[in-house]
Structures are given as C-alpha cells and as structure tokens.
Protein chains: 2
Amino acid sequence: MGEAEYGSGGMTMTMMKKNKDRRIVVAIDESEESMYALSWCLTNLLSQEAKTNNISINNTIVLLYVKPPPPAYSSMDPTGYLFAGDVVETMEKYSRGLANSVMNRAEEVYRGFNTTTIKVEKKIGSGDAKNVICVAVEKLAADVLVMGSHDYGFFKRALLGSVSDYCSKHVKCPLVVVKRPKNA
Amino acid sequence: MGEAEYGSGGMTMTMMKKNKDRRIVVAIDESEESMYALSWCLTNLLSQEAKTNNISINNTIVLLYVKPPPPAYSSMDPTGYLFAGDVVETMEKYSRGLANSVMNRAEEVYRGFNTTTIKVEKKIGSGDAKNVICVAVEKLAADVLVMGSHDYGFFKRALLGSVSDYCSKHVKCPLVVVKRPKNA
C-alpha cells in the first residue's frame, strides 16, 4: 500500500500498465454513498477467483480521496484576521485528519472482504474533486472508475453540479456510478 | 432465452428477485459502443467462477433494445400520403429487422465468451430510449445497468440529451457507462 499526495496540477509518478492488470480507481469521500460504492466494487467487480478466458487478472484498487481546495482568503476573511497563523494550521490539520479518517473507513470496508489477492493503493489529491478525479484517472491509466452517487435534489445539483456527470463526460474509461439503496 | 415486447407504458410480467441472483441489464442499440459495453460487461462483471464470500452468483444478462417510437405522422407527412398503407408496413418491418439485427450482433458478442453459466434474456421495448430503459430497469429489478456511451460533441449532446446522464439520475441501481477506447 502506498500513499502519495498530489494536486490537480499533475502527478509526478508514471505507471506502466500491463495487459493482465486491472486498475480500479474508487473515488471516496466522507459520504456513506462512497463507502457503499467501494463495497459494491469489491462484491461485483472483484472476485477472488475471477478468470476470464483463463487469464487471471491482477487487480489493483486505488482509493482516491480529494481534499477540498484551501480556503480562499479574500472571500472568507475580509478582515485579514481569522485565518492568520494557527487557524490556518488548525484547518490544515483538520483537513489531513479528515483524509485519514476517510481512508481508515475505507480500510474497514475492504477488510470485510477477502482481498488477499488485491493490491490496494491510497492516493490523496487536493483541489476541485471532479477535475482531480479526471486527471488522476488519466494519469493512473485506470481501467474503471467507481464512484458513489449523492442523490441530490434538483436545486442542490444545479448549484453544485454533479461530479459523476462531469466525470462521465471527461474520463475515457468505463465509469460505474453506484447509488446506495434506501435500505442499505 | 425469452423474448418479450413492451413499451414505456409498463410491463405485464412480474419477476421475483432472489438474493443470490444478479440481474444485469445491458442496453444495446445499433452502435459499436453498445456492443463494446456488452463485451466489457462479460469480461469485467461476469466471470465464470465468480464467488464472493463463497456465495456463488447466478447471473442473468438482460439484453434490452429500444425501438424508436413510431413516426409522428403530422410532422413527417404533411400531405397525408407518404405513410399510407404499405409504407407504414415497410417501416415497421424495417424496425423489426433492425431489432433482430441488433440482437443477433449481441448474440455474436456473447458467444465469444464462455457463458454457459449465464442466463441471457432478450427484451425489446419501444419509445423514447431513456424512459423505456429506466422503466425496464425498475420493473426487472435490475442489479446493474450497463450502457455504452456515444462520444457526442457538445452540440449534438445539447440537442439530443444524453441517455446515460438521464439514466444516472433516474435509475436506482448502479450504472456502468462504458466508453469505447479509440483503438478498440
């Protein structure tokens, strides 16, 4: 398991994709929906003995978490006071803590499955989630992108835009949008 | 393999879903993209020995083809002449022929895979594709919906709307949008 941090600007690492390898990027965040998506992925896309035409597949799951961009000082702090010194540090610490907490929750989810044959990597990005996800999918040469779907209402969707809509237009690999059933 | 015909108005059959069964609806049309999506589904979602936590899964693939709605007489035939009698019949015959041809192509695709353990059903709907697909997914109690993605440009998408965008908002089950790589 490796951890790497990168922003939307680009990733320094280059990864070679082998034919028999499959790299599944699962975009995760604080939501129940994304944990359900990870669990769906483990159940449906990965199976211990998965063989297709007698070719065994080496699966790698890349857990991708995107931290929100750092706060914009101008809009949030007209007095130049609030974000001075230790407050900035506290917020960054909180953001790191959140990233760790999401990764830990994801770990709990995949530990519930028999994943001895699956490689898990963790990546943390920073910036606008939809852009960072699309850039990461490209750079990681992902074979599938899996993400949860927040069932926003019309107005919230109109305001926030849908990350999955954006990704479905911009990523080149197959995209799985997993909705969490009401009773799960 | 059963064939059934139904429109967007509703389906008469009722199907009980068992816990260990998985019903995968693959929306197919004349496009290469949808055949690629079917092939992706067979490679990635279905594997002969797929076992999750020692529960074997009975997979059913439902091939869903939606015929375009019958032509609107008023808009296409201001003279009341063109669509009289045998022309209508010819067009309906053509539409049926198209449906058969799509189903036959799909059959060729899944025959290339070892699908002895997979049940295949064929359904033909009629009407506006995106509505019919969403209604069918609900009625069939699908566990996954798989569809190809046409890489329309901005204007065509703005005019036609995206079937996959609509489905991602309206179906309750996970949706897989498969893009065909440029070199496939």
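Coordinates for the structure precede this section.
Below or above, wherever it landed, is the structure these notes cover. (Residues numbered from 1 in each chain as written. Chains lettered and ligands numbered in written order. Predicted model: local features only at pLDDT ≥ 70, side-chain atom pairs only at ≥ 80, totals over all residues. Heavy atoms only, no water.)

### Notes on the overall build of chain A
Link 1 in the chain: From N to C terminus, chain A includes six helices and eight strands.
Link 2 in the chain: Taken from the N to the C terminus, the helices and strands of chain A come in the order β-β-α-β-β-β-α-α-β-α-β-α-α-β.
Link 3 in the chain: Going through the 184 residues of chain A one by one, you find that 45% of them count as buried.
Link 4 in the chain: Within chain A, contacts between residues at least 6 apart in sequence are counted, and of these 82% link residues at least 24 apart.
Link 5 in the chain: With an accessible surface of roughly 10,000 Å², chain A has 53% of that area assigned to carbon and sulfur atoms. (Helix = DSSP H or I, 4+ residues; strand = E, 2+ residues; numbered from the N terminus. Buried < 20%, exposed > 50% of the residue type's maximum accessible area, 1.4 Å probe, protein only. Contact = heavy atoms within 4.5 Å. Areas by Shrake-Rupley, 256 points an atom, 1.4 Å probe, with all protein chains shown as cover.)

### Here's the deal with the pairing of strand β5 (residues 58-67) of chain A
All names here are of chain A.
Link 1 in the chain: The buried fraction of β5 is high, at nine of ten residues.
Link 2 in the chain: Where β5 meets strand β6 (residues 119-126), eight bridges bridge the pair, whose relative direction is parallel. Counterpart to Ile 61 in the pairing with β6 is Val 120. (Pairing = 2+ DSSP bridges.)

### Description of the pattern of salt bridges
All names here are of chain A.
Link 1 in the chain: With the rule as written, the count across this model stands at 18 salt bridges over all chains.
Link 2 in the chain: Across the pair Glu 121 and Lys 123 runs a salt bridge whose closest N-O atoms are separated by 3.9 Å. Taken as a pair, Glu 121 and Lys 123 share a single burial class, namely buried.
Link 3 in the chain: When salt bridges that share partners are traced, they join Arg 23, Lys 119, Glu 121 and Lys 123 into one network. (Salt bridge = Lys/Arg side-chain N within 4 Å of Asp/Glu carboxyl O.)

### A few points about the packing of helix α6 (residues 163-170) of chain A against helix α6 (residues 163-170) of chain B
Link 1 in the chain: Between α6 of chain A and α6 of chain B, the shortest axis-to-axis distance is 11 Å and the interhelical angle comes to 150 degrees. Between α6 of chain A and α6 of chain B, the angle is such that the two are roughly antiparallel. α6 of chain B is crossed by α6 of chain A, and the crossing has right-handed handedness. Residue-level contacts link Asp 165, Ser 168 and Lys 169 of chain A of α6 of chain A to Asp 165, Ser 168 and Lys 169 of chain B of α6 of chain B.
Link 2 in the chain: A per-class count over the contact of α6 of chain A with α6 of chain B returns no nonpolar, two polar and four charged. (Axes fitted to C-alpha atoms, helices over the stretch in contact; angles between N-to-C directions. Parallel < 35°, antiparallel > 145°, perpendicular 65-115°, else oblique. Left-handed = near helix turned anticlockwise from the far one by under 90°. Nonpolar A, V, L, I, M, F, W, Y, C, P; charged D, E, K, R; others polar.)

### A look at the packing of aromatic side chains
Link 1 in the chain: In the structure shown here, the tally under the stated rule is zero aromatic pairs over all chains.
Link 2 in the chain: Its guanidinium or amino end placed over the ring of Tyr 166 of chain A, Lys 130 of chain A lies 5.5 Å from that ring's centre, counting from NZ or CZ. (Phe/Tyr/Trp six-rings, centres within 6.5 Å; stacked < 30°, edge-to-face > 60°. Lys NZ or Arg CZ within 6 Å of the ring centre and 35° of its normal.)

### A word on the side chain of Arg 23 of chain A
Residue and element names in this part refer to chain A.
Link 1 in the chain: Note on placement: Arg 23 falls in strand β2 (residues 21-28).
Link 2 in the chain: For Arg 23, a relative accessible area of 12% gives the class buried.
Link 3 in the chain: Within polar-contact distance, the side chain of Arg 23 engages the backbone oxygen of Leu 140 at 3.2 Å. (Polar contact = N/O pair within 3.5 Å; in protein donor to acceptor, adjacent residues only side chain to side chain.)

### Looking at the side chain of Asn 59 of chain B
Link 1 in the chain: Within the element layout of this structure, Asn 59 of chain B appears in strand β5 (residues 58-67).
Link 2 in the chain: In this structure the side chain of Asn 59 of chain B is engaged in a polar contact, spanning 2.9 Å, whose partner is the side chain of Arg 22 of chain B.

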